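Read off the chains here:
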Amino acid sequence: MVLGSDVMVYLLALLPAVIWGFTPVLDKRGMSLDGTALQAALVVVIVDLSLFLVALLALRGSDVLAGLDPSTAGLFLFAGATGTALGRLAIFVGVDRVGASINSAVVSARPLFATVFAFGLLGEPISLSTAVGIVVLVAGLVVLSLAKGGDLAGWESRDLFYPLASGALFAFGNVLRRFGLGTGGADVLQAVALNEAGALVVFLTYAAIRGTRGFQSADRRSYGYFAASGALTAVALLSLFGALALPAGRVAIVESLASTAPLFTTVFAYFLLRDLERVTRGVVAGAVLVAVGVALVTLGPGVAA
């Protein structure tokens, strides 16, 4: 049986949600071993970019850039340098400060940003159901932020700036990627590799300016957690880019489905991070609101474009 384009969008967008629901648990474990945001960002991008390059070489041989439009390549490099690099640094800082469960939930406000960006830059329509769903999503995030859960050491409200900034940056990057994939100037594997290459340039530049002294103080086991996170991120990114490349892969829909990650993070954190985080009833209630918001978004008209 051949699945319709809209069903494939759902499946491809939900896979990153599951993966990105679990990777914050790995990241938090790495951070608890004196890992740093820059260390985590570098390890993750080196691992996933290496996997993408191996795949490109295996599929294309030496012609990894064959058929690649230079302007489209520049767009993906820019998306990686902004949406991915800055967003990923912010997300790792957020995991460290507020905890995996709260950070994942607040980052999931990105459908709000994605819808605004997609409407303003791509002219994508906003249905009433989509609008209501996004409002419910945001309400769920507010409940989560007030749930007194997250990192056991406690955190301040201003620390939520990092996951919020990450959500906005990721949303902006996804609008650029949707536009780039729509031009047909690069295939999905080329696009995701260029995206990560742009991020790597930013991380290496930042490391050269700031220095890597914090890397030496980190427990060696932290590298294992971050490397595992990078390998899973590679799978999630391929799936996300695949969803955006489909005709029905509207940014608001893909972002909303991928943003169900807090549901999974809440479950994983409850069972795997009890020594580091607190999962309260408010956290669960907020996660349920997020799920309802996503349902409203995906039931909106115009999903199967």
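Bear in mind the structure is a predicted one, so any value in this text is a computation, not a measurement. Throughout, residues of each chain are indexed from 1 in the direction in which the sequence is written. This being a predicted model, a pLDDT of at least 70 is required before a residue's local features are given, and a value of 80 or more before pairs of side-chain atoms are given or counted; all residues contribute to the totals for chains, interfaces and linings. To get the side-chain values, take all heavy atoms of the structure and skip hydrogens and water.

A.B. asks: Describe the overall build of the chain, naming the residues involved and giving the relevant values.
C.D. replies: Strands here are runs of E lasting at least two residues and helices are runs of H or I lasting at least four, both read from the DSSP assignment and numbered beginning at the N terminus. Counting its secondary structure elements, the chain contains 13 helices and two strands. Taken over the C-alpha trace, the chain has a radius of gyration of 18 Å; the compact-globule value for 305 residues is 19 Å, and the two agree within 12%. Based on the C-alpha atoms only, the size of the chain along its principal axes is roughly 50 × 45 × 35 Å. The cut-offs for exposure are 20% and 50% of the maximum accessible area for each residue type, with area from a 1.4 Å probe on protein chains only; residues under the lower value are buried, those over the upper are exposed, and the others partly exposed. Within the chain, buried positions represent 53% of all 305 residues. In the structure as shown, the chain presents an accessible area of about 12600 Å², 71% of it carried by carbon and sulfur atoms. The globule rule used for comparison is 2.2 Å times the number of residues to the exponent 0.38, while the radius of gyration itself is calculated over C-alpha atoms. Computed with a 1.4 Å probe, the accessible areas rest on the Shrake-Rupley method; for each residue, only the protein chains presented here act as cover.

A.B. asks: How would you explain the side chain of Ser 166 if you had to name every residue and give the values?
C.D. replies: In this structure, Ser 166 sits in helix α7 (residues 161-182). Of the residues examined, Ser 166 reaches a relative accessible area of 0% and is grouped as buried. Note on contacts: a residue pair qualifies if any of its non-hydrogen atoms lie within 4.5 Å across the two residues. Dropping the residues within four chain positions of it, Ser 166 is found in contact with Gly 87, Ala 90, Ile 91 and Val 107.

A.B. asks: Run through the environment of Ala 168, naming residues and quoting values.
C.D. replies: Examined against the element boundaries, Ala 168 turns out to sit in helix α7. For the pair Ala 168 and Gly 87, spaced 81 residues apart in sequence, the C-alpha to C-alpha distance is 7.9 Å. Once residues lying within four places of it in the same chain are set aside, the contact partners of Ala 168 are Phe 113 and Phe 117.

A.B. asks: Please give an account of the confidence of the model for the chain that cites residues and values.
C.D. replies: In the predicted model, the chain carries a mean pLDDT of 85, and the fraction of residues at 70 or more is 94%. Below pLDDT 50 for its whole length, residues 301-305 participates in 14 contacts with residues either more than four positions away or in separate chains. One confidence number per residue, pLDDT, is output by the predictor and ranges from 0 to 100.

A.B. asks: Residues and numbers for the packing of aromatic side chains, please.
C.D. replies: Ring pairs are drawn from Phe, Tyr and Trp, using the six-membered ring of Trp, whenever the two centres fall within 6.5 Å, and their geometry is named by plane angle: stacked under 30 degrees, edge-to-face over 60, tilted for the rest. Tallying each qualifying case throughout the model produces four aromatic pairs. Note on Phe 161 and Tyr 162: the rings are 5.6 Å apart at their centroids and 75° apart in plane angle, and the pair reads as edge-to-face. Judged by its relative accessible area of 55%, Phe 161 falls in the exposed class. Lysine and arginine charges are scored as sitting over a ring when NZ or CZ, respectively, is within 6 Å of the ring centre and within 35 degrees of the ring normal. Directly above the aromatic system of Tyr 270 lies the positively charged group of Arg 274, at a separation of 4.3 Å from the ring centroid.

A.B. asks: So, empty space enclosed by the protein: which residues are in play, and what are the values?
C.D. replies: Here a cavity is any set of points on a 1 Å grid over the protein atoms alone where a 1.4 Å probe fits but cannot get out, and a pocket is any open set with protein on both sides within 12 Å along at least 5 of 7 lines; a residue lines the site when it has an atom within 4 Å of a point. Grid points are joined across faces, edges and corners, and a volume is the space filled by probe spheres set on the points. Evaluated as defined, the whole model comprises one cavity of 30 Å³ or more. One number sums up the size of the largest cavity: a volume of about 390 Å³. Lining the largest cavity are 25 residues, and of these Trp 20, Thr 23, Ile 91, Arg 110 and Phe 170 lie nearest its centre. For the lining of the largest cavity, the secondary structure elements donating two or more residues are α1 (5-32), α3 (70-98), α4 (100-107), α7 and α10 (220-245).

A.B. asks: If you had to explain the nonpolar core to someone new, which residues and values would you point to?
C.D. replies: By nonpolar core we mean a set of buried residues, namely Ala, Val, Leu, Ile, Met, Phe, Trp, Tyr and Cys, connected to one another through side-chain atoms within 4.5 Å. With 56 residues, the main nonpolar core has Phe 92 and Phe 203 as its most contacted residues. In terms of residue count, helix α2 (residues 37-60) provides more of this core than any other element does, eleven residues in total. Aside from chain neighbours lying at most four places away, what touches Phe 203 is Leu 38, Ala 41, Leu 42, Val 45, Thr 84, Ala 85, Arg 88 and Leu 89. One finds Ala 105, Val 106, Ala 147 and Val 290 within the second-largest nonpolar core, a separate group that totals 13 residues.

A.B. asks: So what's going on with the environment of Ser 157? Residues and values would help.
C.D. replies: Looking at the secondary structure, you find Ser 157 in the loop between β1 (150-151) and α7. For Ser 157, a relative accessible area of 61% corresponds to the exposed category. Placed eleven residues apart in sequence, Ser 157 and Leu 146 show a C-alpha to C-alpha distance of 9.1 Å.

A.B. asks: Would you mind going over helix α5 (residues 110-122) in detail, with residue names and values included?
C.D. replies: Among all positions of α5, only Arg 110, Pro 111, Ala 114, Thr 115 and Ala 118 are buried. Down the axis of α5, the buried set is contained in an arc of 135°. They therefore lie on one face. The exposed residues of α5 that point more than 90 degrees off its buried face are Val 116, Phe 119 and Gly 120. Of the residues flanking the end of α5, it is Gly 123, one or two places downstream, whose phi is positive at about 75°. By arc we mean the arc of the directions from the helix axis to the C-beta atoms, nothing more.

A.B. asks: I'd like a rundown of the packing of α5 against helix α6 (residues 128-145), residues and numbers included.
C.D. replies: For any two helices packed against each other, the geometry comes down to the angle between their axes and how far apart the axes lie. Angles here are taken between N-to-C directions and fall from 0 to 180 degrees, while the axes themselves are lines fitted to C-alpha atoms, restricted in helices to the stretch in contact. At their nearest, the axes of α5 and α6 sit 9 Å apart, and the two run at 145° to each other. From α5, Pro 111, Leu 112 and Thr 115 reach across to α6, where they touch Ile 134, Leu 137 and Val 138. Within the contact of α5 with α6, the residues separate by chemical class into five nonpolar, one polar and no charged. Classes in brief: Ala, Val, Leu, Ile, Met, Phe, Trp, Tyr, Cys and Pro nonpolar; Asp, Glu, Lys and Arg charged; the others, Gly included, polar.

A.B. asks: Tell me about the packing of helix α8 (residues 188-210) against α10, and please be specific about residues and values.
C.D. replies: Two elements in contact, α8 and α10, have axes separated by 9 Å at closest approach and are oriented at 125°. As judged from the angle between their axes, α8 and α10 are oblique. With respect to the hand of their crossing, α8 and α10 are arranged in right-handed fashion. In this structure, α8 uses Val 188, Leu 189, Ala 191, Val 192, Asn 195 and Glu 196 to contact α10, whose residues at the interface are Leu 237, Leu 238, Phe 241, Gly 242 and Ala 245. Of the residues assigned to the contact of α8 with α10, the class counts are eight nonpolar, two polar and one charged. Any angle that falls under 35 degrees is termed roughly parallel, while one over 145 is termed roughly antiparallel, one within 65 to 115 roughly perpendicular, and all others oblique. Crossing handedness is defined as follows: a turn of the near helix away from the far one that is anticlockwise and smaller than a right angle gives a left-handed crossing, while the clockwise case is right-handed.

A.B. asks: How would you sum up a nonpolar patch on the surface? Please name residues and give values.
C.D. replies: Note on patches: the residues involved have over 30% relative accessible area and no salt bridge, like charges join within 9 Å, and the nonpolar side chains Val, Leu, Ile, Met, Phe, Trp and Tyr join within 5 Å. Any carboxyl oxygen of Asp or Glu that lies within 4 Å of a side-chain nitrogen of Lys or Arg is treated as forming a salt bridge with it. There is a patch of nonpolar side chains on the surface, built from Val 267, Tyr 270, Phe 271 and Leu 272 and spanning about 400 Å² of accessible area. Structurally, Val 267 can be placed in helix α12 (residues 261-272). Val 267 sits in the partly exposed class, given a relative accessible area of 43%.

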